Amino acid sequence: MSQLTEQQNLETTTQVGWNREQMAQRCAQDIEDGSYVNLGIGIPEKVAQYVPDGREVIYHTENGLLGMGNSPSDEELDADLINAGKKAVTAIPGASYFHHGDSFAMIRGNHIDVCVLGAMQVSMRGDLANWSTGAVDAIPAVGGAMDLVAGVKTIYIITQHTTKNGAAKILPECTFPLTGQQVVNRIYSDLCVIDVTANGLVLIELAPGISFDYVQERTGVALLNGLTQKDEVANKTVNSSNKPVRSTQYKAKQ
């Protein structure tokens, strides 16, 4: 195969499901006006960019800031003003600074409404593993996650549906060390949105062009179909094969 042909093939490759920006945008739609929100490192940090216009969301960070703003411009950059992931941020008018201990008192006292985190694994009961693989040489990275899942009222997870090797991340039981038990409320993956309920995992929305069967084959537990008939018809364009599809919904802001 020539280099030109290879380049053309790469250029015509289509996306399966939502990309990282679209996952964050989909999650942002479910954060209610007036919420106090803590965002985890990685894709969850992107959620702040996509909160719908007209909604006020106050962002909290574990290292002691309530009223966190966007990433700074070169003129706004203050090396002493960072979030829990050590990334430079800004503070909105009326923002409050406080001791690290006070910040965790807010978390542990159930004063934060929503937390958005990433995940290595999620169980069918909503158990979360997101800080270590448990391997001997693994680098622990729990941060404030254990406090957040124990103290925040609603926990949203944003994650790729499978690992890079195609293994399911949604399982009957987590095999990695747990961050918390029965703490997850909703999962946003690149393929769908899933609610964690007392009756099981309910798939409530599919990414454009993705079918229920396609998701089920990539999930380690049986899913309940919470889609309406209209939703199912709209997504029958792709069967459970590996044929790639193009996602057009939830376009990121330019």
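For the structure, check the block above.
Residues numbered from 1 in each chain as written. Predicted model: local features only at pLDDT ≥ 70, side-chain atom pairs only at ≥ 80, totals over all residues. Heavy atoms only, no water.

Trainee: Teacher, can you tell me more about the pairing of strand S11 (residues 192–197) here?
Mentor: The two faces of the sheet receive side chains in turn, since in a regular strand these alternate between them. Within S11, 5 of the 6 residues are buried, which leaves it mostly tucked inside the rest of the structure. As paired elements, strand S10 (residues 186–188) and S11 share 3 bridges and run antiparallel to each other. In the sheet register, Arg186 faces S11, and the bridge partner there is Asp195. Hairpin connection between S10 and S11: a loop of 3 residues separates the two successive antiparallel strands. Of the pairings in the sheet, the one linking S11 to strand S12 (residues 200–206) comprises 6 bridges and is antiparallel in character. Opposite Val196, over in S12, you have Leu201 as the bridge partner. Between S11 and S12, which pair antiparallel one after the other, the connecting turn spans 2 residues. (Buried < 20%, exposed > 50% of the residue type's maximum accessible area, 1.4 Å probe, protein only. Helix = DSSP H or I, 4+ residues; strand = E, 2+ residues; numbered from the N terminus. Pairing = 2+ DSSP bridges.)

Trainee: Is there a simple way to think about the pattern of salt bridges in this case?
Mentor: Between side chains of opposite charge, a pair can form when the charged atoms approach closely. Counted under the stated rule, the structure contains 11 salt bridges. Across the salt bridge formed by Glu21 and Lys46, the nearest N and O atoms sit 2.9 Å from each other. With Glu21 in helix H2 (residues 20–28) and Lys46 in the loop between strand S1 (36–39) and strand S2 (58–61), this residue pair connects regions lying 25 residues apart in the sequence. Since its relative accessible area comes to 22%, Glu21 is described here as partly exposed. Across the salt bridge formed by Asp30 and Arg26, the nearest N and O atoms sit 3.0 Å from each other. (Salt bridge = Lys/Arg side-chain N within 4 Å of Asp/Glu carboxyl O.)

Trainee: When you look at the sheet that holds S2 in this model, what are you seeing that I'm missing?
Mentor: Note on sheets: strands pair through backbone hydrogen bonds, and any given pair is parallel or antiparallel. In spatial order, the strands read S4-S3-S2-S1-S5-S8-S10-S11-S12-S13; together these 10 strands make up an open sheet with mixed pairing. What marks the edges here is a single partner per strand, and that holds for strand S4 (91–97) and strand S13 (224–225). Sheet topology places S1 next to strand S5 (residues 114–117); 3 bridges connect them, and they run parallel. In the sheet register, Leu39 faces S5, and the bridge partner there is Val116.

Trainee: Is there a simple way to explain the environment of Pro44 in this structure?
Mentor: Relative to the helices and strands, Pro44 resides in the loop between S1 and S2. Relative accessible area serves as the criterion here: at 2%, Pro44 is assigned to the buried category. When the C-alpha atoms of Pro44 and Cys27 are compared, they prove to be 8.8 Å apart, with 17 residues separating the residues in sequence. For Pro44, the contacting residues outside a window of four places in its chain are Leu39, Val116, Leu117, Gly118 and Ile158. (Contact = heavy atoms within 4.5 Å.)

Trainee: So what exactly am I meant to see when it comes to the packing of aromatic side chains here?
Mentor: Describing an aromatic ring pair means giving the distance of the ring centres and the angle of the ring planes. Going through the model one piece at a time under the given rule, you end up with 1 aromatic pair. Taking the centre distance of 5.4 Å and the plane angle of 85° together, the rings of Tyr156 and Tyr188 count as edge-to-face. Of this pair, Tyr156 sits in strand S8 (residues 154–158) while Tyr188 sits in strand S10, and the two are 32 residues apart along the sequence. Neither Tyr156 nor Tyr188 differs from the other in exposure class; each is buried. Directly above the aromatic system of Tyr214 lies the positively charged group of Arg218, at a separation of 3.7 Å from the ring centroid. (Phe/Tyr/Trp six-rings, centres within 6.5 Å; stacked < 30°, edge-to-face > 60°. Lys NZ or Arg CZ within 6 Å of the ring centre and 35° of its normal.)

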